[in-house]
Amino acid sequence: SPNLIDVQRLADRAGIDFFLIERSAFEPEYLQQDWLMQSEAREQVKTIMTQLKQGLQPTIATKMSACGVVSTENYVLLDTKCL
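Residues numbered from 1 in each chain as written. Predicted model: local features only at pLDDT ≥ 70, side-chain atom pairs only at ≥ 80, totals over all residues. Heavy atoms only, no water.

This next bit is on the overall build of the chain. Looking only at helices and strands, the chain features six helices and three strands. For the chain, the α and β elements follow one another from N to C terminus as α-β-α-α-α-α-α-β-β. Scaling as 2.2 N^0.38, a compact globule of 83 residues should have a C-alpha radius of gyration of about 12 Å, and the chain matches this with 13 Å. Relative to its full complement of 83 residues, the chain shows a buried share of 29%. The contacts of the chain with a sequence gap of at least 6 include a subset with a gap of at least 24, amounting to 59%. Per element, the accessible surface of the chain, about 5,700 Å² overall, is 50% carbon and sulfur. Distance between charge centroids for the chain: 6 Å, based on 8 positive and 11 negative side chains. (Helix = DSSP H or I, 4+ residues; strand = E, 2+ residues; numbered from the N terminus. Rg over C-alpha atoms; globule rule 2.2 N^0.38 Å. Buried < 20%, exposed > 50% of the residue type's maximum accessible area, 1.4 Å probe, protein only. Contact = heavy atoms within 4.5 Å. Areas by Shrake-Rupley, 256 points an atom, 1.4 Å probe, with all protein chains shown as cover. Lys, Arg positive; Asp, Glu negative; His and termini not counted. Charge placed at Lys NZ, Arg CZ, Asp CG, Glu CD.)

So, about helix α4 (residues 42-53). Between the first and last C-alpha of α4 there are 16 Å, a value that for 12 residues agrees with the 16 Å anticipated at 1.5 Å per step. Residues V45, M49 and L52 constitute the buried set of α4. Looking straight down α4, one finds its buried side chains confined to an arc of 65 degrees; they lie on one side. For α4, the elements touching its buried residues are α2 (28-31) and α3 (34-37). Just downstream of α4 lies G55, where phi reads positive at about 90 degrees. (Expected span 1.5 Å × (residues − 1). Arc of directions from axis to C-beta.)

So, on to the pattern of salt bridges. Tallying each qualifying case throughout the model produces one salt bridge. Of the charged contacts in the structure, one is a salt bridge between E43 and K46, with a shortest N-O distance of 3.8 Å. Of this pair, E43 and K46 both sit in helix α4, separated by three residues, roughly a single helical turn. On the basis of relative accessible area, K46 is assigned to the partly exposed category, the value being 39%. (Salt bridge = Lys/Arg side-chain N within 4 Å of Asp/Glu carboxyl O.)

Set out below in structure tokens:
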């Protein structure tokens, strides 16, 4: 979501302390994988792909540097309290 409040509400409601994010997850090519395009969430995936192509970044993508507690070449572990 490009809306930080949506992400914060999800974390609070579900009791999520950390998000494990694959760095490539915010690239349109990543979202074109068969398992995503054939999932029940395909309409949401298409919407997100359109937003990414328009230059809109999900809130989490903008917080990866500031809120990452552990990172590797491919993944970042985000502390939801930082969001």
